[in-house]
Amino acid sequence: QEVYLEERLGELDLRSDSDIPYVPPPTDSTPEILKRALSGLSARWKNWWIRGILTLAMISGFFLIIYLGSFMLMLLVLSIQVKCYHEIITIGYRVYHSYDLPWFRSLSWYFLLCVNYFFYGETVADYFAMFVQRREQLQFLIRYHRFISFALYLIGFCMFVLSLVKKHYRLQFYMFAWTHVTLLITVTQSHLVIQNLFEGMIWFLVPISSVICNDITAYIFGFFFGRTPLIKLSPKKTWEGFIGGFFSTVVFGFIFSYFLAQHQYFVCPEEYNSEINRFVTECEPSELFQMKKYSLPPLLQAVLGWEAVNMYPFQMHSIALSTFASLIGPFGGFFASGFKRAFKIKDFADTIPGHGGIMDRFDCQYLMATFVHVYITSFIRGPNPSKLLKQLLVLQPEQQLNVYKALKSHLIEKGILQPSLRG
C-alpha cells in the first residue's frame, strides 16, 4: 500500500511555488559606450538616460518602417510576435529545464507555425482573393485551408501524446497549456493588429502610439512627481504617473489623429492591387476623415469663448482609444508584472537595455489590439462593397449568374430598377 501511494504521489508531481527552480537574472546588455558615458551618474539617473536614449532610437526606427509602408509594418508585427513567443516559451523552458521534457521546445515552435499558417492563410483568402484566383497552385491551398490547418495541428497533438513520459504527465500537460496560452496571447493578438492595419494605417498608428505615449508620460510623471503607490504588483507605478499619463495620452491622441486624418496614406484601407503587385492606399476618405463643424456645450462656450469648432469625427473616436490605452491598457503591464513575479524574474529578457525584453514593451499593446478590433467591428465597420465584389469574382460563373438574378429581382421589388419588357 505504501509503495503504491509513493508511486501515485510521484506521478502527480506535486509542487509548490517555493519549489520553482531559480531562474538566473538576465545579463546587462547595455552597450559599453553608454556605460562609460554614464558611469558618473547614480543608478536611478543612469537608468533614466538609458531608457530615454533607447526609447528615442526605437521610435525613430518605428517611423522609418512606417515610411517604408504597410508590408514592412506587417513584417515588423510578425517579428515582434515571434520574439515575444520565444521569450515566454524560454521562461518555461528555463524554469523546468531540469526535467528535460522530450520535444517540448520543438512542439512549441511547431504549434506556432501551425497557428500562423492558419491565421495568415485566412488573411490571404480574405484580402488577396484576386491574386489567388490567378494562380492555380494556390487555389487548392485556399480551398482546403482550414482542413490542412486542422490536419497540421492534429499531427502536433499526436506527437505530444506520444511524448508523454511516466512521472511527468502533469507537468507535460501544464507545459502544453503554457504553449497554447502563449499562442493565444501572441499570435491571436498580433493577427488582430494586422486586421486593424487593413482598415487603414490610422487604426494601427493611433492605438499603438497612444500606448507608447502613456508608457512614456506615466514614467516621466512618476519619476518626477510620483509619491503614492498605485498597485503592489508594480511598486514603481504611482497614482501621479497614472493620472498624468492619462491626461497626456488623451491630448496626444486627439492632436496626433488630427494630423493623420488629413492624409489618404493613413486613412484609406489597405488593399492589394494584383495588377501592380503591391498595396495601395488610394480612396475617397470616409465621413470619419472629413472635417465637420461641431457646436460646443454652453459651459465650454463660456470658458473658451468659441461657439463651435472644426474637427474630424475620427478625433472623437481617438478619445475613446486614448482613454482605453491609459486606463485599461496598463493592466496588460500589471498582468505581465504578476507573471514575472510568479516566476521570480525581473524582465522577460534582456533584448533592449533599460527596457527588458520585447514582451516587456508590448504587454499592453496586445490588449489594445483586441480592443481596437472589437471597437471597429462594433461601432465603425459596415458592409464593404469592395471586399464583397472580390468574393463574388472568385465564384464560378453559374454562381455569379444566380447572384446577379437574385440581386436584380431584389432591386426591381424595391423599385430601383424597372422590370424588363421581355418575358
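Refer to the structure printed above.
Keep in mind it's a predicted model, so treat the numbers as computed, not measured.

(A) View of the packing of aromatic side chains. Throughout the structure, instances matching the rule amount to 27 aromatic pairs. For the pair Tyr 110 and Phe 111, a centre-to-centre distance of 6.2 Å together with 65 degrees between the ring planes defines the contact as edge-to-face. Aromatic side chains Phe 324 and Phe 371 sit 3.9 Å apart centroid to centroid with 5 degrees between the ring planes, which places their arrangement in the stacked category. Residue Phe 324 is found in helix α14 (residues 313-327), and its partner Phe 371 is found in helix α16 (residues 358-380); the two are separated by 47 residues along the sequence. In textbook terms, an aromatic cluster arises when at least three aromatic residues are bridged by ring pairs, as seen for Tyr 110, Phe 111, Tyr 153, Phe 160, Phe 173 and Phe 176.

(B) Region of interest: the packing of helix α8 (residues 145-162) against helix α9 (residues 169-198). Where α8 contacts α9, the axes come no closer than 12 Å and their chain directions differ by 155 degrees. The angle between α8 and α9 places the two elements in the roughly antiparallel class. Taken as a pair, α8 and α9 cross one another with a handedness that is right-handed. Note on element contacts: α9 touches α8 through Gln 172, Phe 173, Phe 176 and His 180, opposite Tyr 153, Phe 157 and Phe 160. Among the residues forming the contact of α8 with α9, the class breakdown is five nonpolar, two polar and no charged.

(C) Up close: the environment of Lys 236. Here Lys 236 is to be found in strand β2 (residues 234-238). Linking Lys 236 and Phe 223, residues 13 residues apart in sequence, is a C-alpha distance of 8.8 Å.

About the criteria used
- Residues numbered from 1 in each chain as written.
- Predicted model: local features only at pLDDT ≥ 70, side-chain atom pairs only at ≥ 80, totals over all residues.
- Heavy atoms only, no water.
- Phe/Tyr/Trp six-rings, centres within 6.5 Å; stacked < 30°, edge-to-face > 60°.
- Helix = DSSP H or I, 4+ residues; strand = E, 2+ residues; numbered from the N terminus.
- Axes fitted to C-alpha atoms, helices over the stretch in contact; angles between N-to-C directions.
- Parallel < 35°, antiparallel > 145°, perpendicular 65-115°, else oblique.
- Left-handed = near helix turned anticlockwise from the far one by under 90°.
- Contact = heavy atoms within 4.5 Å.
- Nonpolar A, V, L, I, M, F, W, Y, C, P; charged D, E, K, R; others polar.

In short, geometric facts, not functional conclusions.
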